[in-house]
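Examining the three-dimensional arrangement
Given next are the chains, with one letter for each unit.
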Amino acid sequence: MDFRRKVISTREEEGLSIRETAKQFRIGPASVSRWINQIASKASTTRQRKSDKSELIKDVEPYPDAYQKERAERFGICQKAIWQALKKLGLTYKKNSTSSESRRKRPGSISTKNTTV
């Protein structure tokens, strides 16, 4: 806060532009203009989540292979919110029984033709 006040007071006393002030203090001009509008930083708040983690874990136990769309309908939120919550909790489940490596297509042989010019 003291540094911010010093920057703004120097700008006003010397009649400097925002760019000149930023260059003098070796900071970004966006910071100077932001400090002119509001010198104090805003207080942060915790973000309220759409889904409760404990409720989601309780839902996964009886329905381990349910689709995310089904879970979203039960919770009344969108499928992407379920996906993000499951990812954050580290709960993943692959429904295919074969590994992705065995399903890959192997490259065929490449034939080269000898051409004479």
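Calculation rules
- Here, residues in each chain are numbered from 1, in the same order as that chain's written sequence.
- With pLDDT at 70 or above as the cut-off, local features in this predicted model cover only qualifying residues; side-chain atom pairs require 80 or more to be listed or tallied, and sums for whole chains, interfaces and linings still use all residues.
- Calculation of side-chain values draws on the structure's entire complement of heavy atoms; hydrogens and water are dropped beforehand.
- Here a Phe, Tyr or Trp ring, Trp counted by its six-membered ring, pairs with any other such ring whose centre lies within 6.5 Å, and the pair is stacked when the planes are under 30 degrees apart, edge-to-face when over 60, and tilted otherwise.
- Put simply, DSSP marks the helices as runs of H or I at least four residues long and the strands as runs of E at least two long, and each gets a number from the N terminus on.
- Buried residues are those whose accessible area, probed at 1.4 Å on protein chains only, stays under 20% of the maximum for their type, while exposed residues exceed 50% and partly exposed ones sit between those limits.
- Any Lys NZ or Arg CZ that is within 6 Å of a ring centre and within 35 degrees of that ring's normal is treated as a charge sitting over the ring.
- By definition, pLDDT measures how confident the predictor is in each residue, and it falls between 0 and 100.
- It only takes one pair of heavy atoms within 4.5 Å for two residues to be counted as in contact.

**Examining the packing of aromatic side chains**
According to the stated counting rule, one finds two aromatic pairs in the structure shown. Ring geometry for Phe 3 and Phe 25: centres 5.8 Å apart, planes at 85 degrees, overall edge-to-face. Of this pair, Phe 3 sits in helix H1 (residues 2-14) while Phe 25 sits in helix H2 (residues 18-25), placing them 22 residues apart in sequence. Measuring from ring centre to ring centre gives 6.0 Å for Phe 3 and Trp 35, while their planes differ by 85 degrees; the resulting arrangement is edge-to-face. Linking Phe 3 in helix H1 with Trp 35 in helix H3 (residues 29-37), this pair joins segments that are 32 residues apart in sequence. The class of Trp 35 is buried, set by a relative accessible area of 10%. In this structure an aromatic cluster arises from ring pairing among Phe 3, Phe 25 and Trp 35. Looking at Arg 74, its charged tip hangs above the ring of Tyr 63, at a distance of 4.4 Å from the centre.

**Some remarks on the confidence of the model for the chain**
Per-residue confidence for the chain gives a mean pLDDT of 79; residues scoring 70 or more make up 74%. Looking at the elements of the chain, mean pLDDT is at its lowest for helix H4 (residues 53-60), recorded as 85, and at its highest for H2, recorded as 92. Low pLDDT, under 50, characterises residues 108-112; the predicted model gives this stretch zero contacts beyond four residues in sequence or across chains.

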